[in-house]
Amino acid sequence: MMTMHRPSKLAHVVYRSRRFADMLAWYGTVFGARVQHQNPAMAFLAFDDEHHRFAFIDLSVIDPEGSDQAPKPWVGVDHLAWTYATLDDLFETYTRCKAQGIEPYWCVHHGLTISMYYADPDGNQMEFQVNAFDSDEACNAYIRGPAMDANPVGVEFDPEEWLAAVRDGGSLDDFRVRTVHEPASPIRGAISELL
Ligand SMILES: [Fe+2]
């Protein structure tokens, strides 16, 4: 029998941009990404042991006469999701970025994940998340279970409220498994223009 070979992990994302310098700065701030290689048209950035996690193509070099004013094509990628190991890691990133003027446009407890959504200078959307359950088995049981039928989007939260609870002696992990399942959050981000 033939073996079905599947990818083992997501490796990198490549964006085309006319805000090249802004993008390098934003990914440097938010992800702590460093430039591994840069040439007049492209830059490759890494933030961990992988050789590159992002590359950016400078459209002002590749397509200097072009414009990004074309109507937005709705077909395509909506967002990419990046998992943090712990809620402390996620919230430290939130606090660090907020101090640099970078804030999430949507904070939602999906039930499955605690998620903060960010948009880069070009509006590319990404989700920074922590799984609500420790095991893959528990996460898979949740996504296949009735809670997803009842509220497939999630419940919004205010990260400042969670941080205030921590200052009062609580732990972020107190919020990790969602205990309140309504109100259902609207979907936020670019797609909300269509809804
Ligand atoms: Fe997602």
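Cut-off values and rules
- Residues numbered from 1 in each chain as written.
- Predicted model: local features only at pLDDT ≥ 70, side-chain atom pairs only at ≥ 80, totals over all residues.
- Helix = DSSP H or I, 4+ residues; strand = E, 2+ residues; numbered from the N terminus.
- Buried ≥ 20, exposed ≤ 12 C-beta atoms within 10 Å, placed from the backbone.
- Contact = placed C-beta atoms within 7 Å.
- Domains from an automatic or database assignment.
- Nonpolar A, V, L, I, M, F, W, Y, C, P; charged D, E, K, R; others polar.
- Pairing = 2+ DSSP bridges.
- Axes fitted to C-alpha atoms, helices over the stretch in contact; angles between N-to-C directions.
- Expected span 1.5 Å × (residues − 1).
- Arc of directions from axis to C-beta.

> What exactly am I supposed to notice about the overall build of the chain here?
Helix and strand counts for the chain stand at six helices and nine strands. Among the 195 residues that make up the chain, the fraction classed as buried is 18%. Within the chain, contacts between residues at least 6 apart in sequence are counted, and of these 59% link residues at least 24 apart.

> Even after reading the chapter, I still don't get the domain arrangement of the chain, so can you show me in this structure?
When the parts of a complex come together, some accessible area is lost, and that lost area is often used as the size of the interface. With domains assigned, the chain is organised as domain 1 (13-62) and domain 2 (79-193). Its C-alpha centre places domain 1 at a distance of 26 Å from the equivalent point of domain 2. Listed per partner, the contact involves nine residues of domain 1 and nine residues of domain 2. Elements with a minimum of two residues in the side of domain 1 that touches domain 2: strand E1 (13-17) and helix H1 (20-31). Element by element, the count of residues in the side of domain 1 that touches domain 2 is highest for H1, at five residues. Residues that form the side of domain 1 that touches domain 2 fall into these classes: five nonpolar, two polar and two charged.

> In this structure, what is going on with the pairing of strand E2 (residues 34-38)? I would like to understand it.
A regular strand places its side chains on the two faces of the sheet in alternate fashion. Relative to strand E3 (residues 42-46), E2 runs antiparallel, the two sharing four bridges. Bridge assignment links Arg 34 to a residue of E3, and that residue is Ala 46. Remark: three residues form the turn of the hairpin made by E2 and E3, two consecutive strands paired antiparallel.

> Explanation requested: the sheet that holds E3 in the structure shown.
Backbone hydrogen bonds are what pair the strands of a sheet, in a parallel or an antiparallel way. With respect to topology, four strands assemble into an open sheet ordered E1-E4-E3-E2, the strand pairing being mixed. Here the strands that pair on one side only, and so sit at the sheet edges, are E1 and E2. Mean inter-strand twist for the sheet, computed between neighbouring axes without regard to direction, equals 25°. Relative to strand E4 (residues 54-58), H1 is tilted by about 165°, and along the sheet it contacts E1, E2, E3 and E4.

> How should I be thinking about the sheet that holds strand E9 (residues 155-156) in this particular structure?
Ordered in space as E5-E8-E7-E6-E9, the five strands form an open sheet in which the pairing is mixed. Two strands lie at the open edges of the sheet, namely strand E5 (79-83) and E9, each paired on one side alone. As paired strands, strand E6 (residues 106-109) and strand E7 (residues 113-119) are joined by four bridges and run antiparallel to one another. Each bridged residue has a counterpart across the sheet, and for Val 108 the counterpart in E7 is Ser 115.

> Help me out: how do you make sense of unusual backbone geometry in this one?
Negative phi is the rule for most residues except glycine; trans is the rule for most peptide bonds. Omega for the bond connecting Glu 182 with Pro 183 falls within 30 degrees of zero, at 5°, which places this linkage in the cis form. The topology assignment puts Pro 183 in the segment after helix H6 (159-167).

> Would you take a moment to explain the environment of Ile 187 for this structure?
Within the secondary structure, Ile 187 sits in the segment after H6. Classification of Ile 187 by C-beta neighbours within 10 Å gives partly exposed; the count is 15. Expressed as a C-alpha distance, the spacing of Ile 187 and Val 13, which sit 174 residues apart in the sequence, is 24 Å. Beyond its immediate chain neighbours, meaning those up to four positions away, Ile 187 contacts Val 153, Ser 192 and Leu 195.

> Where do I start with helix H3 (residues 87-99) in this structure?
Note that an α-helix has 3.6 residues per turn; residues three or four places apart therefore point the same way. In this model, H3 (13 residues) spans 18 Å end to end at C-alpha, consistent with the 18 Å of a helix rising 1.5 Å per residue. For H3, the full list of buried residues reads Leu 90, Phe 91, Thr 93 and Tyr 94. One side of H3 holds all its buried residues, which, seen down the axis, span an arc of 150°. For H3, the exposed residues lying more than 90 degrees away from the buried face are Glu 92, Thr 95 and Ala 99. Looking one or two places after H3, you find Gly 101, whose phi comes out positive at around 85°.

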